[in-house]
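A look at the structure
If you want the building blocks of each chain, they are given just below.
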Amino acid sequence: MNADIAPTTASQAAPARHFTIRLSATPRGARLARHLAAEQLHGWGWPYDSDANHTATLLVAELATNAALHGRVRGRDFRLRLTLHADPALRIEVTDSRPDRRPPTPGDLHAPSPESDSGRGLVLVEALSTHWGTTGNDPYTKTVWCEVALR
């Protein structure tokens, strides 16, 4: 597991802090992403039992689970990146290896039927984040991201 934690100095502009790690695109990797995000937020001043930590951790769990289920390519990892801005706001990015499998665009999500066992992850992301979306800057990956205000 490779981790990169880099606080910036006061003379640099926002973003204030970063945390980046590559994890296996498996349910275990998604679970580890959630635990590492909670630990990182605790270290940045949002305790485990705070609403901000719970919300951000839930968002990480949903995006990482989607990367493990829908963005998995055998032998390739997914990347979790947390960026803490000074306002304070947190940007969560999960990059996977399936650029051909893009989620619906924000505002185009449809709630699943009550009988369905899945399909609520991005509905939660849309409800809990200030905004979210996808980017794909190369032909090999896509990034699903969201931002949440930490108060």
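Residues numbered from 1 in each chain as written. Predicted model: local features only at pLDDT ≥ 70, side-chain atom pairs only at ≥ 80, totals over all residues. Heavy atoms only, no water.

Remarks on the overall build of the protein
What the protein contains, in helices and strands, is three helices and six strands. Listing each helix as α and each strand as β along the protein from the N terminus yields β-β-α-α-β-β-α-β-β. Evaluated residue by residue, the protein yields a buried proportion of 40% over its 151 residues. Contacts in the protein between residues far apart in sequence, at least 24 positions, make up 58% of those at least 6 positions apart. (Helix = DSSP H or I, 4+ residues; strand = E, 2+ residues; numbered from the N terminus. Buried < 20%, exposed > 50% of the residue type's maximum accessible area, 1.4 Å probe, protein only. Contact = heavy atoms within 4.5 Å.)

With respect to helix α1 (residues 27–43)
Because an α-helix completes one turn every 3.6 residues, residues spaced three or four positions apart along the sequence face the same direction. Across its 17 residues, α1 extends 25 Å between first and last C-alpha, which sits within 8% of the 24 Å expected from 1.5 Å per residue. Along α1, the residues that are buried comprise G29, A30, A33, A37, A38, Q40 and L41. The positive-phi residue at the C-terminal boundary of α1 is G45, with phi of around 110 degrees. (Expected span 1.5 Å × (residues − 1).)

Quick notes on unusual backbone geometry
Look at the link from D87 to P88: it is a cis peptide, with omega at -15 degrees. Following the sequence through the fold, P88 ends up in the loop between β3 (77–85) and β4 (89–96).

Let's talk about the pairing of β3
In the case of a regular strand, side chains alternate between the two sheet surfaces. Sheet topology note: the strand β2 (residues 17–24)/β3 ladder contains eight bridges and is antiparallel. Within the sheet, the bridge partner assigned to F19 lies in β3 and is L82. By the bridge criterion, seven bridges tie β3 to β4 in an arrangement that is antiparallel. The residue bridging R79 from the neighbouring strand is T95, located in β4. Counted along the chain from β3 to the antiparallel partner β4, the turn is three residues long. (Pairing = 2+ DSSP bridges.)

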